[in-house]
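Structural overview for review
Each chain, letter by letter, is given below.
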Amino acid sequence: MVISKVSPAVPVAAHPKAAPPASPPMAANLAHHLSTESKLRQASMLKISSSRLSKDPLLLSLAAGLPSPTLFPIESVTTSVVLPISEAERVSGKWFHDGLQAGVLKDVGKAKNSKALGVTAYDLSQALQYEQGTGAKQLVEFWKEHVELVHKPKYADWNTIMSGGNTQAMETVFRMLINPGDYMVLEEFAFPETVDSLRPLQTRRIGIPVDEEGMRPDVLEDMLATWDEDARGGTRPHVLYMVPSGQNPTGATIGTERRKKIYDIAQRYDLIIIEDDPYYFLQMPDYIRDRDYEHVPVPTTNAEFLSALVPSMLSLDTDGRVVRLDSLAKIVAPGTRCGFITANSVFAERILRHNEVGLQFPSGLSMAVVHGLLADAWGQETFLNWLVNIRAEYTVRRDRMLDAMEDYLPKEVASWAAPSAGMFVWIELAYPAHPHSADLCIEEIENEIFEAGIANKVLILPGTWFKTTDVPSRGIFFRATYAAVSPENIDLAIKRFGEVVQRSFGLV
Ligand code: PMP
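Source: prediction; values computed, not measured. (Residues numbered from 1 in each chain as written. Predicted model: local features only at pLDDT ≥ 70, side-chain atom pairs only at ≥ 80, totals over all residues. Heavy atoms only, no water.)

Re the overall build of the chain
Of regular secondary structure, the chain possesses 18 helices and 15 strands. Its C-alpha atoms give the chain a radius of gyration of 24 Å, within 12% of the compact-globule value 23 Å for 508 residues. Principal axes of the C-alpha set define a box for the chain whose edges measure 85 × 60 × 45 Å. Split into buried and exposed, the 508 residues of the chain put 53% on the buried side. Pairs at least 24 apart in sequence give 77% of the contacts found in the chain among residues at least 6 apart. Put simply, the chain shows about 21,600 Å² of open surface, and 56% of that area lies on carbon and sulfur atoms. Within the chain, the 63 negative side-chain charges are centred at a point lying 5 Å from the centre of the 49 positive side-chain charges. (Helix = DSSP H or I, 4+ residues; strand = E, 2+ residues; numbered from the N terminus. Rg over C-alpha atoms; globule rule 2.2 N^0.38 Å. Buried < 20%, exposed > 50% of the residue type's maximum accessible area, 1.4 Å probe, protein only. Contact = heavy atoms within 4.5 Å. Areas by Shrake-Rupley, 256 points an atom, 1.4 Å probe, with all protein chains shown as cover. Lys, Arg positive; Asp, Glu negative; His and termini not counted. Charge placed at Lys NZ, Arg CZ, Asp CG, Glu CD.)

Encoded structure:
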C-alpha cells in the first residue's frame, strides 16, 4: 500500500489520490456545518511564513523562535516494548491468554541524530522541537496507513490529524460544529465528560434511547421527521455524537444493518456524525458460560480479525460526514495522550487551526515513544497482532464478569446483555419490583444501592450519572467495568454487589 507523504509546506494537504475514473468521489461540501467560532479561525502568520521560507535551503533564517536542538538536555530515550504473539504463532496454534505479560521485550531507542544515521524516520531532534499542529507527520502517516487498512474510506479527500486523545478531540470537534444554543443528538447515556464539555458550549442535548444494540434509529428518525422549530425554539440538530462500539456506559455495539440505517438518516437529514470509537478493536467473540479461560478463541489471521469487525461509520461514509475519533487510550495506554481524528479535508484543516492555538500537538516525548512502539518496533501487522492479544485478554475478563453475574445476581430483579465489545456491562434492576418504588424515585434507589455497595466494599456506578439530558431515567441501571480488576476480584466484586441488590430488594 502506498501512502503519500504530507508535504511539510502544506500542513494539512488532503490525503492525495490519483483520479482515474474508478477512484472514489470527493467529499460533499459540508462547510455549512461549521460554527461561527470555527469559521473565524485564521492561520497564524508565523506558520504561513515558516512553511513558505523553509522551501529555500540557502536562506538563513532569523525568523523562527525555535530553540537549537543542541541545547536540548535529553540525548536519547530508550523504550522497552512488548512483542505480541505473532500471526504465525497463532496460525501454528500457540496461544495463551497471559501472553501479553509473558511477551518478549524489544528495546527501541531514539536519539537526536538517529534520523541522520538512518535508524528511524523520527528522531529526538524533531520530537523535542516545535511540531506542526497536525502532530508528527510520521505518526500521521502510520495512522493513515492504518485507516486505509481497517476502514478503507470511500471518498478521496479524507485526512487525519493528531489529537490529545478523544476527550480533547471531541471538545475540539464540538466547537468546530456547534454554535451556542444549538441542539445536538447523542445517546441517552454517555461518558460524563461528553456532557461536561457540551454544557459550557450551551448545547441543548437530545438523548436517543438505546436498546441492547445501541441507539435506536426509529426514534432518531421520528425525532428529526417531526422536529417543530417553534415548539423546540431552535433549528433541527445537525450533529450526531455516538459511540457505536462497546458504548460507554451501556456496553452496546451497533450492528452493521443499524449502522447503515443511522448513516442513511444522517444523509437524509444532513447530520454530521461524530464517531467516538475508542473501543472499536475490543470487539469480542460471543459470550459462552463457563468458558475455559485459557482457551478463548482468537482469529488465526489478521485478515480474519479485520473482517470480523463491525464496519465503522467512517467506512460507510461516502460524503465525508463522519468525523472519526480514535484514541490510543484503550488499546495502547491512556497516558500517551495520543489520538487521531479522521475527517474530510475541510474539517481537518479547521481542526488544525484550532490545534495551533490550543493543544498545538501531543507531547513530542510521548509521540517519540509511540512512534518507537508503533512504527519502529511493530509496524501495521504487529500492531494488529497486539490488538488481537488485548481482545483476547478482555474476552477473558468479560466472560469472568458475566459468569460471576450468572452466579451471584438475583435474576428475578437483575437483567443485562452480554457486551460484544468494550469494557462495560450495563445492569438493569427492576424498579417496579423494588420495595420502595412507591415512595423513592429511580435516582434515590440507585444512590441507596451505590452507598450500600461502598459499605460492602464494591464500587459500581449508578446509571443516572451517565444521563445526557434532564429527562428522568427510565429504569435503575448500573455500570460495571471488567477492565482493570484482577480475575479473582471480578468474582468477589460481583458477589458483593449481588448481596447489596438482594438486601435492597428484600430478597434475603
Ligand atoms: N470517549 C469515550 C466513549 C470514553 O469512554 C472515553 C474514556 N473513558 C473517552 C472518550 C476518553 O478517551 P481519551 O482517554 O482518549 O481522552
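Describing helix α15 (residues 364–378)
Where α15 bends most, the angle comes to about 35°, and this point is Gly-372. Within α15, burial applies to Gly-364, Ser-366, Met-367, Ala-368, Val-370, His-371, Gly-372, Leu-373, Leu-374, Ala-377 and Trp-378. Check the buried side of α15 and you find it contacts β1 (76–83), β2 (104–111), α5 (124–127), α6 (137–150), β3 (158–163) and α16 (380–408). Measuring from the side-chain oxygen of the N-cap residue of α15 to the backbone nitrogen of Leu-365 gives 3.2 Å; that N-cap residue is Ser-363. Taken from the residues just after α15, Gly-379 is the one with a positive phi, measuring 85°. (Bend = angle between axes of the 7 residues up to and from the residue. Polar contact = N/O pair within 3.5 Å; in protein donor to acceptor, adjacent residues only side chain to side chain.)

Quick look at unusual backbone geometry
Omega for the peptide link from Asn-248 to Pro-249 comes to 20°, which places this bond in the cis form. Here Pro-249 shows up in the loop between β8 (239–242) and α11 (256–268). The residue Gln-202 is not glycine, and still its phi comes out positive at about 60°. With respect to the element layout, Gln-202 can be found in the loop between α8 (192–198) and β5 (204–208). For Asp-290, which is not glycine, the phi torsion reads 55° and is therefore positive. Topologically, Asp-290 is positioned in the loop between β9 (272–276) and α12 (302–308). Accessibility expressed as a relative area gives 55% for Asp-290, which makes it exposed.

So, the site of the ligand
Residues in close proximity to the ligand total 14 residues, the closest being Thr-167, Asp-276, Tyr-279, Ser-327 and Arg-337. Here Asn-248 contributes a side-chain N or O atom positioned 2.8 Å from an oxygen atom of the ligand. Interatomic distance of 2.6 Å between a side-chain N/O atom of Arg-337 and an oxygen atom of the ligand. Relative to its free-state accessible area of 400 Å², the ligand is covered by the protein chains to the extent of 91%. (Near = heavy atom within 4 Å.)

Examining the pattern of salt bridges
Summed over all chains, the structure comprises 29 salt bridges. Notably, a salt bridge pairs Arg-258 with Asp-211, separated by 2.9 Å at the nearest N-O pair. Pair noted here: Arg-258 is in helix α11 and Asp-211 is in strand β6 (residues 210–211), with a separation of 47 residues, a long-range link. Residue Arg-258 is classed as buried on the basis of its relative accessible area, which comes to 13%. Salt-bridge contacts for Glu-356 lead to Arg-353; the nearest nitrogen and oxygen are separated by 3.0 Å. Here the residue Glu-356 and the residue Arg-353 both occupy positions in helix α14 (residues 345–357), the gap between them amounting to three residues, near one helical turn. (Salt bridge = Lys/Arg side-chain N within 4 Å of Asp/Glu carboxyl O.)

What about the packing of aromatic side chains?
Following the criterion strictly, the structure yields 16 aromatic pairs and no others. Note on Phe-189 and Phe-477: the rings are 5.5 Å apart at their centroids and 70° apart in plane angle, and the pair reads as edge-to-face. Placement of the pair is Phe-189 in the loop between β4 (183–187) and α8 and Phe-477 in strand β15 (residues 476–481), with a sequence separation of 288 residues. For Phe-477, a relative accessible area of 3% gives the class buried. Linked through ring pairs, Phe-142, Trp-143, Phe-340, Trp-378, Phe-383 and Trp-386 together constitute an aromatic cluster. Over the aromatic face of Tyr-280 sits the side chain of Arg-324, whose NZ or CZ is 5.0 Å from the ring centroid. (Phe/Tyr/Trp six-rings, centres within 6.5 Å; stacked < 30°, edge-to-face > 60°. Lys NZ or Arg CZ within 6 Å of the ring centre and 35° of its normal.)

Some remarks on the environment of Glu-213
Here Glu-213 lies in the loop between β6 and β7 (214–215). Distance in space between the C-alpha atoms of Glu-213 and Leu-429 is 19 Å, their sequence separation being 216 residues. One polar contact links the side chain of Glu-213 to the main-chain amide nitrogen of Gly-255, over a distance of 2.8 Å.

Quick word on the side chain of Asp-123
If you trace the backbone, Asp-123 turns up in the loop between β2 and α5. Residue Asp-123 is classed as buried on the basis of its relative accessible area of 2%. Within the local environment of Asp-123, its side chain forms a polar contact with the side chain of Ser-125, the two groups lying 2.9 Å apart.

Describing helix α9 (residues 217–225)
Listing the buried residues of α9 in full gives Pro-217, Leu-220, Met-223 and Leu-224. Taken down its axis, α9 places every buried residue within 130° of arc, on the same side. On its buried face, α9 sits against β4, β5, β7, α10 (229–232), β8 and α11. (Arc of directions from axis to C-beta.)

Points about the environment of Gly-251
Residue placement: Gly-251 occurs in the loop between β8 and α11. On the basis of relative accessible area, Gly-251 is assigned to the buried category, the value being 3%. A sequence separation of 219 residues divides Gly-251 from His-32, and the C-alpha atoms of the two residues are 34 Å apart. Non-local contacts of Gly-251, meaning those with residues more than four positions away in its chain, are made with Gly-246, Pro-419, Ser-420, Ala-421 and Phe-424.

A few points about the sheet that holds β15
Spatial ordering of the open sheet is given by β12-β13-β15-β14, a layout of four strands whose pairing is antiparallel. The open sheet has two free edges, formed respectively by β12 (414–416) and β14 (461–462), since each of these has just one partner strand. As paired strands, β14 and β15 are joined by two bridges and run antiparallel to one another. In the sheet register, Pro-462 faces β15, and the bridge partner there is Phe-478. (Pairing = 2+ DSSP bridges.)

Scope: geometric values only; no functional claims are made or implied.
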